[in-house]
Amino acid sequence: MMELLKKISEAPGVSGFEYGISEIIKKELQGFVNKIEEDRFGNIYAYKGNGEKTIMITAHMDEIGLIVKHIDDRGFIRFAKIGGVPDHVLLSQRVIIHGKYKKIYGVIGCKAIHIMKEEERKQLVTYDKMFIDTGLSKEQLEKYGIGIGTPITIERDLVELENDLIVGRAMDDRAGCYILIEALKKANPVNKIIAVFTVQEEVGLRGATISSYNVKPDIGIAIDTTIAGDHPEVSESEAPVKIGNGPVIVVADGRRESLGGGLLANSLIVNWLIELANKLGIKYQLGVLEGGTTDAAAIQLSRGGIPSGCISIPTRYLHTFSEVLSKRDLESGIKLIIGLMESKISFL
Ligand SMILES: [Zn+2]
């Protein structure tokens, strides 16, 4: 488990630059599925099974990250953010700049505390006050193929914590990719499964929008991660999902205070997933999740409307570069997705 999880967590794949992770996924699925395709946008499609109903199951390959915006005469790099990157987790991170000819390490720097004025010390340093130092001059960076538009990822290993927990980068949504890969390897589907490893989720569900039109499924299911609030500074009522208590069957999600732009999961699908979990003895949680959404929100609006649902893995510290989740939840997620691939659909 850890070997593959580590490999896909550490692979680079900022939105729009998913080739690092997509190569690994294609290789990993070789021999386990009937066919693998890629579209012009970079979405990867894996086909398995030959049932009468088509189920599209997605996990997004892309991760939040940075992109080179400007390089000054001394070689210091200014960057823009891709996806919801909080400024307060950026400072002093080690980064990898994915130059055309070479990967270069760098560090996100800012003014030292010693020379900050009293008021400066109390303020959050915003990303526009930060820069990346690689040690290289502007000319040297250019030689490695680093310039405006070069993607940047945060460097971080996946490691195990105690009690079946793991911490790693980009678990949103490499956790979903991992579950989908493992389920595709093990399942004997009775439905036509089209697994889509989507691109550009973090910048507005773009890969899912395109791929769901291409696939034209009967049912859409997204696998993603969601906020677990079982730690200090969050009340239980604010974010009731807990890690280790099983995957979340999403009932609704979307923007805070309105659930706009999100998913109101198809109730027949929610009930089907609950029944499946009960039948397979899988512990699960129900979720009404404010503050974000998943690929399922795009799939449901495709063509004439696609009944859709979402299964999310509870994750602490989402959209930081040290996301914590439980190996047990991942195992349960795999079981549930295999169950879904292998069960007849009678409700549509
Ligand atoms: Zn995600």
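Residues numbered from 1 in each chain as written. Predicted model: local features only at pLDDT ≥ 70, side-chain atom pairs only at ≥ 80, totals over all residues. Heavy atoms only, no water.

K.L.:
What is the right way to read the environment of I166 from this model?
P.N.:
In this structure, I166 sits in strand β11 (residues 165-168). Counting along the chain gives 164 residues from I166 to M2, while the straight-line C-alpha distance between them is 9.3 Å. (Helix = DSSP H or I, 4+ residues; strand = E, 2+ residues; numbered from the N terminus.)

K.L.:
How do you make sense of helix α2 (residues 19-29) when you look at a structure like this?
P.N.:
Residue pairs three or four apart in sequence face the same way in an α-helix, which turns once every 3.6 residues. Taken as a whole, α2 has its buried residues at I21, S22, I25, K26, E28 and L29. All buried residues of α2 lie within an arc of 165° about the axis, which places them on one face of the element. In α2, the exposed positions that point more than 90 degrees away from the buried face belong to Y19 and K27. Buried residues in α2 make contact with α1 (2-10), β1 (35-38), β2 (44-48), α5 (171-186) and β12 (192-198). Two residues or fewer after α2 comes G31, characterised by a positive phi angle close to 90°. (Buried < 20%, exposed > 50% of the residue type's maximum accessible area, 1.4 Å probe, protein only. Arc of directions from axis to C-beta. Contact = heavy atoms within 4.5 Å.)

K.L.:
Mind showing me how you'd approach the sheet that holds β11 here?
P.N.:
By definition, the strands of a sheet pair up through backbone hydrogen bonds, in either a parallel or an antiparallel sense. Pairing within the open sheet is antiparallel, and its 3 strands lie in the order β10-β11-β18. Each edge of the open sheet is held by one strand with a lone partner, namely β10 (159-160) and β18 (323-326). One ladder, built from 2 bridges, connects β10 with β11; its direction is antiparallel. Of the residues in β11, the one forming a bridge with V159 is V167. Strand contacts of α5: β11 and β18, with the helix running at about 30° to β18, the strand carrying the most contacts. (Pairing = 2+ DSSP bridges. Axes fitted to C-alpha atoms, helices over the stretch in contact; angles between N-to-C directions.)

K.L.:
What should I look at first to understand the UniProt feature "active site" (unreviewed entry) in the protein in this one?
P.N.:
In the UniProt entry, the feature "active site" (unreviewed entry) is given for E201. With respect to the helices and strands, the residue E201 is situated in the loop between β12 and α6 (206-215). Judged by relative accessible area, E201 falls into the buried class, the value being 6%. Excluding its chain neighbours within four sequence positions, the residues that come into contact with E201 are H60, D62, D224, T293, T294 and D295. (UniProt positions renumbered as here; feature names shortened; annotations may be inferred.)

K.L.:
For this particular structure, what's the right way to read the nonpolar core?
P.N.:
Where a protein is soluble and globular, its nonpolar side chains tend to be buried together. I57, L184, F197 and L340 are the most contacted members of the largest nonpolar core, which has 80 residues in total. Discounting chain neighbours no more than four positions away, the residues touching L340 are I55, I57, N191, I221, W272, L273, L276 and I311. Counting residues in hydrophobic clusters, the runner-up holds 23 residues, among them I71, I108, I132 and F321. (Core = buried A, V, L, I, M, F, W, Y, C linked by side-chain atoms within 4.5 Å.)

K.L.:
Just to check I follow, could you spell out a nonpolar patch on the surface for this structure?
P.N.:
A grouping of V251, L286 and V288 is seen on the molecular surface, where their side chains present a nonpolar patch of about 250 Å² in accessible area. Relative to the helices and strands, V251 resides in strand β14 (residues 248-254). The partly exposed category is assigned to V251, whose relative accessible area is 31%. (Patch = residues over 30% accessible without salt bridge, like charges linked within 9 Å, V, L, I, M, F, W, Y side chains within 5 Å. Areas by Shrake-Rupley, 256 points an atom, 1.4 Å probe, with all protein chains shown as cover. Salt bridge = Lys/Arg side-chain N within 4 Å of Asp/Glu carboxyl O.)

K.L.:
What exactly am I supposed to notice about the packing of aromatic side chains here?
P.N.:
The way to describe two aromatic rings as a pair is by their centre distance and the angle between their planes. Summed over all chains, the structure comprises 3 aromatic pairs. Ring plane angle 35° and centroid distance 6.2 Å describe the contact between F79 and Y127, whose orientation is recorded as tilted. Here Y127 lies in the loop between α3 (118-122) and β8 (131-133) and F79 lies in strand β5 (residues 77-82), a separation of 48 residues in the sequence. Taking the centre distance of 5.3 Å and the plane angle of 55° together, the rings of W272 and F347 count as tilted. Taken together, the residues span a long stretch of sequence, with W272 in helix α7 (residues 267-280) and F347 in the segment after α9 (327-341) at a distance of 75 residues. Judged by relative accessible area, W272 falls into the buried class, the value being 6%. F347 sits in the partly exposed class, given a relative accessible area of 22%. Here the basic side chain of K35 rests over the ring of Y47, its NZ or CZ set 4.4 Å away from the ring centre. (Phe/Tyr/Trp six-rings, centres within 6.5 Å; stacked < 30°, edge-to-face > 60°. Lys NZ or Arg CZ within 6 Å of the ring centre and 35° of its normal.)

K.L.:
Can you walk me through the pairing of β5 in this structure?
P.N.:
Consecutive side chains along a regular strand alternate between the two faces of the sheet. Across 6 bridges, the pairing between strand β4 (residues 65-71) and β5 is antiparallel. The residue bridging L66 from the neighbouring strand is K81, located in β5. Here β4 folds back onto β5, and the loop between the two strands holds 5 residues, one of which, G75, carries a positive phi near 100°.

K.L.:
Hey, could you run me through the UniProt feature "binding site: Zn(2+) 2" (unreviewed entry) in the protein in this one?
P.N.:
UniProt feature "binding site: Zn(2+) 2" (unreviewed entry): in the numbering of this structure it lies at D172, E202 and H319. In terms of the greatest pairwise C-alpha distance, the residues named above, spread along 148 residues, form a tight cluster of at most 10.2 Å across. Tracing the backbone through its elements, the reader meets D172 in helix α5. The class of D172 is buried, set by a relative accessible area of 7%. Non-local contacts of D172, meaning those with residues more than four positions away in its chain, are made with H60, D62, E63, E202, D224, T225, L318, H319 and E323. Looking at D172, its side chain comes within polar contact range of the side chain of T225, at 3.4 Å. Topologically, E202 is positioned in the loop between β12 and α6. (Polar contact = N/O pair within 3.5 Å; in protein donor to acceptor, adjacent residues only side chain to side chain.)

K.L.:
Would you take a moment to explain unusual backbone geometry for this structure?
P.N.:
A negative phi holds for most residues other than glycine; trans holds for most peptide bonds. For the bond running from D172 to D173, omega is 10°, close enough to zero to count as cis. Among the secondary structure elements, D173 is positioned in helix α5. Even without glycine at this site, S92 takes up a positive phi of about 70°. As for its position among the elements, S92 is in the loop between β5 and β6 (94-98). Backbone geometry places N163, a non-glycine residue, at a positive phi of 50°.

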